[in-house]
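# Topology and contacts: notes
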Amino acid sequence: MRMLDIIARKRQGFKHTEEEIAFVVKVASDPKAGVPDYQLTSWLMAVCCRGMDEIETAALTRAMALSGRRLDLKRLRAPKVDKHSTGGVGDGISLALAPLMAAAGLVVPMMSGRGLGHTGGTLDKLEAMKGFRVRMGIDEITSQLGRIGVCMFGQTQDLAPADRTLYSLRDASSTVESVPLVVASILSKKFAEDLDALVLDVKIGSGAIFKNPKQAQELSRALVKTARKLGLKAVAVLTAMDQPLGRYVGNSLEVIQAVEILRGDFTSADYAECLLTLGGWMMHLGGKAKDPKEGAAKLESVIRSGAALESFQKMVEAHGADPRVVCDLDRLPRAAKEREILAPKAGYVTWLDARKVGEAAVILGAGRANKDSKLDYGAGFVLDKKVGARVKKGECVARIHGSDGAKMEEAAAYFLTALKIEGKKPKLMPVIRQVVK
Ligand code: URA
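### Re the packing of aromatic side chains
Any pair of aromatic rings gets described here by the distance separating the centres and the angle formed by the planes. In the structure shown here, the tally under the stated rule is one aromatic pair. Between Phe381 and Phe415 the ring centres are 5.0 Å apart and the planes differ by 35°, which places this aromatic pair in the tilted class. With a gap of 34 residues between them, Phe381 in strand β9 (residues 380-383) and Phe415 in helix α16 (residues 405-418) connect regions that are remote in the sequence. Among the residues examined, Phe381 registers a relative accessible area of 0% and is labelled buried. Across the ring face of Phe191, the terminal group of Arg70 is positioned such that the distance to the ring centre comes to 3.9 Å. Above the face of the Tyr167 ring, Lys189 is positioned so that its terminal group lies 4.7 Å from the ring centre.

Here's what the structure looks like:
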């Protein structure tokens with residue numbers, strides 16, 4: 001079998017056989033196979049343009065899932081449940097959710113990724129806490145899960161190696177927006193975690209992979225169906241990503257958001273709703289609540305008891321960072337400079353484009369302009385006014401954190417292109433749009 005022939009077949013619109021898919025996954029998982037990145041990228045583009053049917057998608061997912069080793073968590077008695085988001089701006093939900101769920105009695109093995117394009121990545125946010133180690137081996141992950149019920153880690157050459165290669169090529173070749181490729185990428189990682197159940201947070205809106213609700217629904221159905229084929233209980237919750245989630249965008253800043261909510265401060269209402277809804281479903285699928293509503297109520301009590309914050313602290317310590325960050329947020333990296341972005345006119349905020357805010361954060365260094373860019377962990381935005389808020393002319397709508405004055409000016413100007421202020425109060429759209437079971 002030759003990679004060139006496989007690319008040509010997909011380019012011409014043929015369906016792949018299981019053997020062809022197995023071949024692509026094998027060479028993508030093995031750097032010694034000698035298949036150059038440009039051939040893998042051409043194949044990704046062919047799939048992006050021609051698509052895959054349900055059978056091909058399931059075969060790709062299964063082959064990628066089996067491309068590496070798998071955790072073996074059978075000896076842990078608690079239900080193993082995880083959440084995965086398709087990615088957004090200000091979406092630091094995982095930072096609070098994983099330790100919260102461990103405090104509620106679930107085991108959460110959470111394999112996460114780095115920022116992609118305008119979206120932030122959980123691993124980058126965790127690493128904002130100095131010393132936080134996410135490169136871990138299978139034995140270490142398993143042992144930490146046994147001790148504290150939560151572990152947040154990155155892919156390795158052992159765990160889902162095919163996705164590791166393909167994901168970085170997709171980011172650099174405009175081939176992220178493909179339902180079969182997203183399904184296989186997400187579920188191959190989740191399969192390697194040896195889960196009982198999975199909650200998928202599928203974002204819809206300007207800052208999401210798929211802006212259009214129809215495509216987001218198609219992705220949700222494909223994720224749930226393919227997960228079932230792999231023997232995994234799953235639901236997809238479609239959530240809003242037209243404006244950034246929560247009050248903070250940036251790595252250190254999103255750690256602050258997580259600590260605030262685990263301390264019982266629910267003022268970032270959209271972030272809190274998203275956290276409790278996704279967590280409520282995890283409780284329900286993990287058998288800890290009769291329905292997601294009861295699950296969410298239980299989680300609120302876990303937060304109010306202080307147990308969730310304690311779980312976060314234990315997690316930070318187990319990963320090698322300073323747990324005192326929980327009591328003293330000044331231990332997090334902070335940007336050297338801060339300045340206000342002022343409302344150019346009076347009215348109501350009717351639009352705050354998530355994608356543009358994410359791109360403005362990349363200008364500041366909070367995200368990567370390319371694979372090798374160095375992050376500025378303290379950089380980002382604090383959003384004082386979100387959609388629906390009334391503002392006076394010259395009032396602060398957001399505070400920009402950065403270290404390079406010129407970049408801050410550029411990012412502030414770009415941020416203003418994301419903002420619309422109009423005379424009429426907008427109709428507020430719900431954060432939770434739909435659940436696909
Ligand atoms: N998240 C992933 O893990 N993979 C994708 O392809 C998209 C979002």
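### Quick word on the site of the ligand
In the region of the ligand, the neighbouring residues are His84, Thr86, Tyr167, Arg170, Val182, Ser185, Ile186, Lys189 and Ile209. Between an oxygen atom of the ligand and a side-chain N or O atom of His84, the distance comes to 3.1 Å. Between the ligand and the protein, one listed contact pairs an oxygen atom with a side-chain N or O atom of Lys189 at 2.6 Å. Out of a free accessible area of 240 Å², the ligand has 96% covered by protein chains. Those elements that place two or more of their residues in the shell around the ligand are α8 (161-171) and α9 (179-191).

### Re the pairing of β9
Within a regular beta strand, the side chains point alternately toward one face of the sheet and then the other, so they alternate between its two faces. Where burial is concerned, the two faces of β9 agree: the one with Gly380 and Val382 and the one with Phe381 and Leu383 are both buried. Here two bridges tie strand β6 (residues 248-249) to β9, and the two strands are oriented antiparallel to one another. Looking at the pairing, Val249 lines up with Phe381 of β9. As paired strands, β9 and strand β11 (residues 396-402) are joined by four bridges and run antiparallel to one another. Note that in β11 the partner of Val382 across the bridge is Arg399.

### Topic: the pattern of salt bridges
Here the structure, examined in full by the defined rule, presents 32 salt bridges. Salt-bridge contacts for Asp330 lead to Arg334; the nearest nitrogen and oxygen are separated by 3.7 Å.

### Notes on the domain arrangement of the protein
Much of the literature gives interface size as the accessible area that the parts lose upon coming together. Each domain of the protein was delimited in the assignment, giving domain 1 (3-51), domain 2 (81-326) and domain 3 (334-422). A C-alpha centroid distance of 24 Å is found between domain 2 and domain 3. Across the boundary between the two partners, domain 2 contributes 28 residues, which contact 26 residues of domain 3. Between domain 2 and domain 3 the total buried area reaches about 2100 Å² when both faces are included, carbon and sulfur atoms providing 54% of it.

### Here we look at the nonpolar core
Membership of the largest hydrophobic core comes to 91 residues, with the highest contact counts inside it found for Leu100, Met101, Met129, Phe312, Phe381 and Phe415. With ten residues, helix α12 (residues 269-285) is the largest single contributor of residues to this core. Here this core gathers at least three residues from each of two domains, domain 2 (81-326) and domain 3 (334-422). Sequence-distant contacts of Met129, defined by excluding residues within four places in its chain, comprise Val255, Phe312, Val316, Ala321, Val325 and Leu332.

### Thoughts on helix α7 (residues 138-148)
Taken residue by residue, α7 has Ile138, Ile141, Thr142, Gln144, Leu145 and Ile148 as its buried positions. Along the axis of α7, the buried positions cluster into a sector of 165°, meaning they face one direction only. Of the exposed residues in α7, those oriented more than 90 degrees away from the buried face are Asp139 and Arg147. Those residues of α7 that are buried are in contact with α5 (93-103), β2 (108-111), β3 (150-153) and α14 (307-318).

### Thoughts on the sheet that holds strand β12 (residues 419-422)
Overall, antiparallel pairing links the three strands, which are arranged β10-β8-β12 in an open sheet. What marks the edges here is a single partner per strand, and that holds for β10 (390-391) and β12. Relative to β10, strand β8 (residues 347-352) runs antiparallel, the two being bridged by two bridges. Looking across to β10, one finds that Tyr348 is bridged to Arg390. Along the sheet face, α16 touches β8 and β12 and points at about 50° away from the line of β12.

### A word on empty space enclosed by the protein
The method is simple in principle: a probe with the dimensions of a water molecule rolls over the atoms, and the space it marks as empty is what remains. Under the defined criterion, the tally for this structure stands at three cavities of 30 Å³ or more. In this model, the largest cavity occupies a volume close to 160 Å³. His118, Thr119, Gly120, Ala366 and Gly367 are the residues nearest the centre of the largest cavity, which is lined by 22 residues in total. It is helix α15 (residues 354-364) that contributes the most residues to the lining of the largest cavity, three residues altogether. Per-class residue counts for the lining of the largest cavity are six nonpolar, twelve polar and four charged. The residue makeup of the lining of the largest cavity includes at least three contributed by each of domain 2 (81-326) and domain 3 (334-422). Its volume calculated, the second largest cavity comes out at about 40 Å³.

Criteria and thresholds
- Residues numbered from 1 in each chain as written.
- Predicted model: local features only at pLDDT ≥ 70, side-chain atom pairs only at ≥ 80, totals over all residues.
- Heavy atoms only, no water.
- Phe/Tyr/Trp six-rings, centres within 6.5 Å; stacked < 30°, edge-to-face > 60°.
- Helix = DSSP H or I, 4+ residues; strand = E, 2+ residues; numbered from the N terminus.
- Buried < 20%, exposed > 50% of the residue type's maximum accessible area, 1.4 Å probe, protein only.
- Lys NZ or Arg CZ within 6 Å of the ring centre and 35° of its normal.
- Near = heavy atom within 4 Å.
- Polar contact = N/O pair within 3.5 Å; in protein donor to acceptor, adjacent residues only side chain to side chain.
- Areas by Shrake-Rupley, 256 points an atom, 1.4 Å probe, with all protein chains shown as cover.
- Pairing = 2+ DSSP bridges.
- Salt bridge = Lys/Arg side-chain N within 4 Å of Asp/Glu carboxyl O.
- Domains from an automatic or database assignment.
- Contact = heavy atoms within 4.5 Å.
- Buried area = accessible area lost by both parts, 1.4 Å probe.
- Core = buried A, V, L, I, M, F, W, Y, C linked by side-chain atoms within 4.5 Å.
- Arc of directions from axis to C-beta.
- Axes fitted to C-alpha atoms, helices over the stretch in contact; angles between N-to-C directions.
- 1 Å grid on protein atoms, 1.4 Å probe; cavity = no way out; pocket = protein on both sides within 12 Å on 5 of 7 lines; lining within 4 Å.
- Points joined across faces, edges and corners; volume = space filled by probe spheres on them.
- Nonpolar A, V, L, I, M, F, W, Y, C, P; charged D, E, K, R; others polar.

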